[in-house]
Amino acid sequence: QVQLVESGGGLVQAGGSLRLSCVASGSIGRIYNMAWYRQAPGKQRDLVATISSGGNTSYGDSVKGRFAISSDNAKNTVYLQMNSLIPEDTAIYSCYSGGITRRLTQFNSWGQGTQVTVAS
């Protein structure tokens, strides 16, 4: 079992910044990739950003140039720096990780999510 715990959400004014963190723990053999997704009320879950174990990153079109994903592989932690926030960024942000456990079985784990609210 691999568990993910997010932190760093909250309420911020438009134009402000927030930094989300997600820590993976449990029977981790190797993490292949980590990602952030978000889901606004009444909308589908969208990909925000991904990062591979090698550091390759990709972003959803709506956050390019404003958000930055990074990771600390030694700490099994992924971060999402969110700048120039707009009300449309309001959503529950969830962390995802994929890899293999110490028993060499594949895992795909999700965190519980953290609320981000951007006030206009």
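Now for a look at the structure at hand.

Scoring rules and cut-offs
- Throughout, a residue's number is its position along its own chain's written sequence, starting from 1.
- Local features in a predicted model are, by the rule used here, given only for residues with pLDDT of at least 70; side-chain atom pairs are given and counted only at 80 or more, and totals for whole chains, interfaces and linings are based on all residues.
- Excluded from the side-chain calculation are hydrogens and water; included are all heavy atoms of the structure.
- Helix numbering and strand numbering both begin at the N terminus, where a helix is a DSSP run of H or I of at least 4 residues and a strand a DSSP run of E of at least 2.
- Using a 1.4 Å probe on the protein chains alone, a residue whose accessible area is under 20% of its type maximum counts as buried, one over 50% counts as exposed, and one in between counts as partly exposed.
- In this analysis, two residues are considered to be in contact whenever any of their non-hydrogen atoms come within 4.5 Å of each other.
- We call a pair of cysteine sulfur atoms a disulfide when they lie within 2.5 Å.
- In this description, strands pair whenever DSSP reports at least two bridges between them.

## What to know about the overall build of the protein
On a plain count of helices and strands, the protein comes out with zero helices and 11 strands. Counting helices and strands in the order they occur from the N terminus, the protein gives β-β-β-β-β-β-β-β-β-β-β. Across its three principal axes, the protein shows a C-alpha extent of roughly 50 × 25 × 20 Å. Classification of the 120 residues of the protein by burial places 40% in the buried group. Here the contacts in the protein between residues at least 6 apart in sequence split such that 55% fall between residues at least 24 apart.

## Concerning unusual backbone geometry
Leaving glycine aside, a negative phi is the common case for residues, and trans is the common case for peptide bonds. Positive phi values are uncommon outside glycine, yet Asn-76 reaches one of about 50 degrees. The partly exposed category is assigned to Asn-76, whose relative accessible area is 23%. Residue Ser-84 is not a glycine yet carries a positive backbone phi of 50 degrees. Along the chain, the position of Ser-84 falls in the loop between strand 8 (77–82) and strand 9 (91–101).

## Structural notes on the state of the cysteines
According to the stated counting rule, one finds one disulfide in the structure shown. Sulfur-sulfur distance for the disulfide between Cys-22 and Cys-95 comes to 2.1 Å. Handedness of the Cys-22-Cys-95 disulfide follows from its S-S torsion of about -85 degrees: it is left-handed. Note that Cys-22 is positioned in strand 3 (residues 18–26) and Cys-95 in strand 9, a separation of 73 residues in sequence.

## Some thoughts on the pairing of strand 5 (residues 46–52)
By the bridge criterion, six bridges tie strand 4 (residues 28–39) to strand 5 in an arrangement that is antiparallel. In the strand pairing of strand 5, Tyr-37 is matched with Leu-47. Count of turn residues in the strand 4/strand 5 antiparallel hairpin: six residues, of which Gly-42 carries a positive phi of about 75 degrees. Judged from the three bridges that link them, strand 5 and strand 6 (residues 57–59) form a sheet pairing that is antiparallel. Bridge pairing links Ala-49 to Tyr-59 in strand 6. The turn linking strand 5 back onto strand 6 is made up of four residues, and Gly-55 within it adopts a positive phi angle of 95 degrees.

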